[in-house]
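Reading the structure
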Amino acid sequence: MDVQDVKINDLKSHPNNPRLGNVEAIAKSIQENGWWGTVVAQKSTNHVLAGNHRVMAAKSLNIQTVPVYWVDVDDEQAVKILLADNRTNDIATYDSAILNQLLADLSISDNLLGTGYVDEDLELLLLDTVDVAL
């Protein structure tokens, strides 16, 4: 694997990324949980293929470097990676019972900060679970 710490300003958002991410929520997660994982970028262009919004959030937090996994692919393959990263997240599902339990456990200590969830989300999930059970 070719992972390197890269100056964040050397990376470029992919110009054709159709995903509109919640940079504020990602920044809160980074503040609360730290940086984890890597960004995937195309070696020939420095375009971010996975992690565009994480990079934007890092910039908003004045983070200077991030770990990058460089892939040596042509432009067509780069777009396919970009789209696959977005789409595979879209079509994923949750095990509602496990998700509800995890959120409920964190909610007890009032510690949903950095998860992307708020108390109202947990309430809605629990209501949906009750509605499905009826």
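This section reports on the structure supplied with the text.

**Examining the overall build of the protein**
A tally of regular secondary structure across the protein gives five helices and five strands. The N-to-C order of helical and strand elements in the protein reads β-β-α-β-β-α-β-α-α-α. Sorting the 134 residues of the protein into buried and exposed places 28% on the buried side. Put simply, 77% of the contacts in the protein that link residues at least 6 apart link residues at least 24 apart. When the accessible surface of the protein is summed, it comes to about 8,800 Å², and 53% of that surface belongs to carbon and sulfur atoms. Distance from the positive charge centre (9 side chains) to the negative charge centre (20 side chains) of the protein: 12 Å.

**Notes on the environment of lysine 80**
Positionally, lysine 80 belongs in helix α3 (residues 75-90). Using a relative accessible area of 47% as the deciding quantity, one classes lysine 80 as partly exposed. Expressed as a C-alpha distance, the spacing of lysine 80 and threonine 65, which sit 15 residues apart in the sequence, is 26 Å.

**A word on the sheet that holds strand β4 (residues 47-50)**
Pairing is mixed in the open sheet, where five strands are placed in the order β1-β5-β3-β4-β2. Only two strands of the sheet have a single partner each, and these edge strands are β1 (3-7) and β2 (12-13). The pairing of β1 with strand β5 (residues 65-71) spans five bridges and is antiparallel. Counterpart to valine 6 in the pairing with β5 is valine 66. Lying on the sheet, helix α2 (residues 52-60) is in contact with β2, β3 (39-42), β4 and β5; it crosses β4 at an angle near 120°.

**Looking at α2**
Residues of α2 that are buried include every one of Asn52, His53, Arg54, Val55, Ala57 and Ala58, and no others. Among the residues trailing α2, asparagine 62 stands out with phi positive, at a value near 60°.

**Comments concerning the nonpolar core**
Grouped together as the largest cluster of nonpolar side chains are 11 residues: Val6, Ile8, Leu11, Val39, Ala41, Val48, Val55, Ala58, Val66, Val68 and Trp70. Elements supplying a minimum of two residues to this core: β3, α2 and β5. The greatest single-element share of this core, amounting to three residues, is contributed by β5. Contact partners of tryptophan 70, with chain neighbours within four places excluded, come to Asp2, Gln4, Val6, Leu11, Ala41, Gln42, Lys43 and Asn46. Core analysis: the second largest hydrophobic core is formed by five residues, Leu49, Ala50, Val71 and Ala78 among them.

**With respect to the environment of alanine 57**
Relative to the helices and strands, alanine 57 resides in helix α2. For alanine 57, a relative accessible area of 0% corresponds to the buried category. Remark: the alpha-carbon pair of alanine 57 and proline 18, spanning 39 residues in sequence, is separated by 17 Å. For alanine 57, the contacting residues outside a window of four places in its chain are Val23, Ile26, Ala27 and Ile30.

Criteria and cut-off values
Residues numbered from 1 in each chain as written. Predicted model: local features only at pLDDT ≥ 70, side-chain atom pairs only at ≥ 80, totals over all residues. Heavy atoms only, no water. Helix = DSSP H or I, 4+ residues; strand = E, 2+ residues; numbered from the N terminus. Buried < 20%, exposed > 50% of the residue type's maximum accessible area, 1.4 Å probe, protein only. Contact = heavy atoms within 4.5 Å. Areas by Shrake-Rupley, 256 points an atom, 1.4 Å probe, with all protein chains shown as cover. Lys, Arg positive; Asp, Glu negative; His and termini not counted. Charge placed at Lys NZ, Arg CZ, Asp CG, Glu CD. Pairing = 2+ DSSP bridges. Axes fitted to C-alpha atoms, helices over the stretch in contact; angles between N-to-C directions. Core = buried A, V, L, I, M, F, W, Y, C linked by side-chain atoms within 4.5 Å.

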